[in-house]
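Below are the chains, spelled out letter by letter.
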Amino acid sequence: MGDATRSSPPVHVRGPGGPWQPVRSALAARGSAVVHTTWGEWFPAALTEPALRPLLGGDWDRYRHTADPATRHRFVTSRLVTKYAAAAALDLLPVEVDLAYQPGGRPYLRGAGLDVSLSHSDEVIAVGVSRVGRIGVDTEPAGRRLDFGLLSEHICAPGELRALLPLPPRARERELLRLWTLKEAYSKALGLGLRLGFGDFSLSDGGTGLLAPDDTVARPGAWAFATHQVLGSHLLSVARHEARPQPPHPSRAATPGRGLVTAAGPPG
């Protein structure tokens, strides 16, 4: 079963100056780190960075050809945060980080041995980095209202839905939102996006373990899940894969159910 304690709390970085030492400490202690920030905190850097073109690298053309100023600012800021976070983890200069994209759009770092995930919602940006396996992050406003009747069957496995139905309506919406962000983070870690059926797996023990549709444990200990509230306004969920071999669970089979995507580790 996943262990949320393997994931360090997210670090609030207020601009290029960091703080970055907590990111390095989290990498050393846990093998992964998550940072969060806001567009406004990076606005001066996005406007005044003299080395913006080499910093953006292959993203420069996309940046220059984005006509809408707000969209262009959000794009450049998210890439700067990603590069600075990866640079802190790798002990490099941000300009030395080579950010590229897989065919589905998932970012990766060329030749770095570090997995990376990016999410943004409203004013918040989140970046996860991991040197021990895949990582996915997802952020949403904590007060976002979801139509439970419309979305619950798309987000929840049957067991999750049964657990949510007795809750008061607002508590039910909050829990649905938490499950959604956790499953989005897991899907991003796998690089599957909307191709992964969220109803095909469930999260046990409040979102710390991964279960197949029949409630059997899938790869005990292979994944860690956690949700944090950041900046007093947003949920930030993290799904982290542990690539190192895990000891067998003493009492449960690790056979995934039909429809569950499993991962033995990140691809090379």
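What counts as what
- Residues numbered from 1 in each chain as written.
- Predicted model: local features only at pLDDT ≥ 70, side-chain atom pairs only at ≥ 80, totals over all residues.
- Heavy atoms only, no water.
- Phe/Tyr/Trp six-rings, centres within 6.5 Å; stacked < 30°, edge-to-face > 60°.
- Helix = DSSP H or I, 4+ residues; strand = E, 2+ residues; numbered from the N terminus.
- Buried < 20%, exposed > 50% of the residue type's maximum accessible area, 1.4 Å probe, protein only.
- Core = buried A, V, L, I, M, F, W, Y, C linked by side-chain atoms within 4.5 Å.
- Contact = heavy atoms within 4.5 Å.
- pLDDT = per-residue confidence, 0-100.
- Arc of directions from axis to C-beta.
- Axes fitted to C-alpha atoms, helices over the stretch in contact; angles between N-to-C directions.
- Left-handed = near helix turned anticlockwise from the far one by under 90°.
- Nonpolar A, V, L, I, M, F, W, Y, C, P; charged D, E, K, R; others polar.
- Pairing = 2+ DSSP bridges.
- Parallel < 35°, antiparallel > 145°, perpendicular 65-115°, else oblique.
- Polar contact = N/O pair within 3.5 Å; in protein donor to acceptor, adjacent residues only side chain to side chain.

Here we come to the packing of aromatic side chains. The final tally for this structure, using the stated rule, is 8 aromatic pairs. Each ring, one from W20 and one from Y84, has its centre 6.3 Å from the other, and the planes form 20°; the classification is stacked. Separated by 64 residues along the polypeptide, W20 in the loop between β1 (11–12) and α1 (21–30) and Y84 in helix α5 (residues 69–90) bring together distant segments of the chain. In this pair, the class of W20 matches that of Y84, namely buried.

With that settled, the discussion passes to the nonpolar core. Counting residues in hydrophobic clusters, the biggest one holds 35 residues, and the most contacted among them are W20, V23, V35, V127 and V129. Only α1, β2 (32–38), α2 (39–48), α3 (52–56), α4 (60–64), α5, β5 (115–121) and β6 (124–130) provide two or more residues apiece to this core. Of the residues forming this core, the biggest block, 10 residues, is contributed by α5. When near neighbours in sequence (up to four residues on either side) are disregarded, V129 contacts L27, G31, S32, A33, A86, A89, L114, D115, V116 and I135. Core analysis: the second largest hydrophobic core is formed by 25 residues, L161, A185, L196 and L210 among them.

Turning next to the confidence of the model for the protein chain. In the predicted model, the protein chain carries a mean pLDDT of 83, and the fraction of residues at 70 or more is 81%. The secondary-structure element of the protein chain with the lowest mean pLDDT is strand β9 (residues 209–211), recorded at 67, while β1 shows the highest, at 98.

The next point concerns α1. One full turn of an α-helix is made of 3.6 residues, so residues set three or four places apart face in the same direction. Those residues of α1 lying buried are V23, A26 and L27. With its buried residues spanning 100° around the axis, α1 presents them on a single face. Opposite the buried face of α1, by more than 90 degrees, sit the exposed residues A28 and A29. On its buried face, α1 sits against β1, β2, α5 and β6. Among the residues trailing α1, G31 stands out with phi positive, at a value near 85°.

Below, the discussion takes up the packing of helix α6 (residues 148–155) against helix α8 (residues 169–190). Where α6 contacts α8, the axes come no closer than 11 Å and their chain directions differ by 35°. Crossing geometry of α6 relative to α8 is assigned as left-handed. Touching F148, L151, S152 and I155 of α6 are R172, L176, L179, W180 and K183, all from α8. Residue composition of the contact of α6 with α8, by class: 6 nonpolar, 1 polar and 2 charged.

Right, let's get into the sheet that holds β2. Strand pairing in a sheet takes place through backbone hydrogen bonds and is either antiparallel or parallel in direction. Across the sheet, which stays open at both edges, the 4 strands sit in the order β1-β2-β6-β5 with mixed pairing between neighbours. Each having just a single partner strand, β1 and β5 make up the two edges of the open sheet. Direction of pairing for β1 relative to β2: parallel, over a ladder of 2 bridges. Looking across to β2, one finds that V11 is bridged to V35. Lying over the sheet, α2 contacts β1, β2, β5 and β6, oriented at roughly 85° with respect to β2.

All right, on to the packing of α2 against α5 then. For the pair α2 and α5, interaxial distance at closest approach is 9 Å and the crossing angle is 90°. In terms of orientation, α2 and α5 fall into the roughly perpendicular class. Taking contact as the criterion, the partners of W39, W42, F43, A45 and A46 in α2 are, on α5, H73, R74, V76, T77, S78, L80, V81 and Y84. Across the contact of α2 with α5, the residue classes break down as 9 nonpolar, 3 polar and 1 charged.

With 6 of its 8 residues buried, strand β10 (residues 223–230) lies for the most part within the structure. Direction of pairing for β10 relative to strand β11 (residues 234–241): antiparallel, over a ladder of 8 bridges. Bridge pairing links T227 to S237 in β11. The antiparallel pairing of β10 with β11 creates a hairpin that spans 3 residues between the two strands, and L231 there sits at a positive phi of about 60°.

Let us look at the side chain of H12. As for its position among the elements, H12 is in strand β1. The exposure class of H12 is buried, given its relative accessible area of 17%. Within the local environment of H12, its side chain forms a polar contact with the side chain of R14, the two groups lying 3.4 Å apart. Polar contacts involving the side chain of H12 include one to the side chain of E41, which spans 2.9 Å. Beyond its immediate stretch of four places on either side in the chain, H12 contacts P19, H36, T37, E41 and L231.

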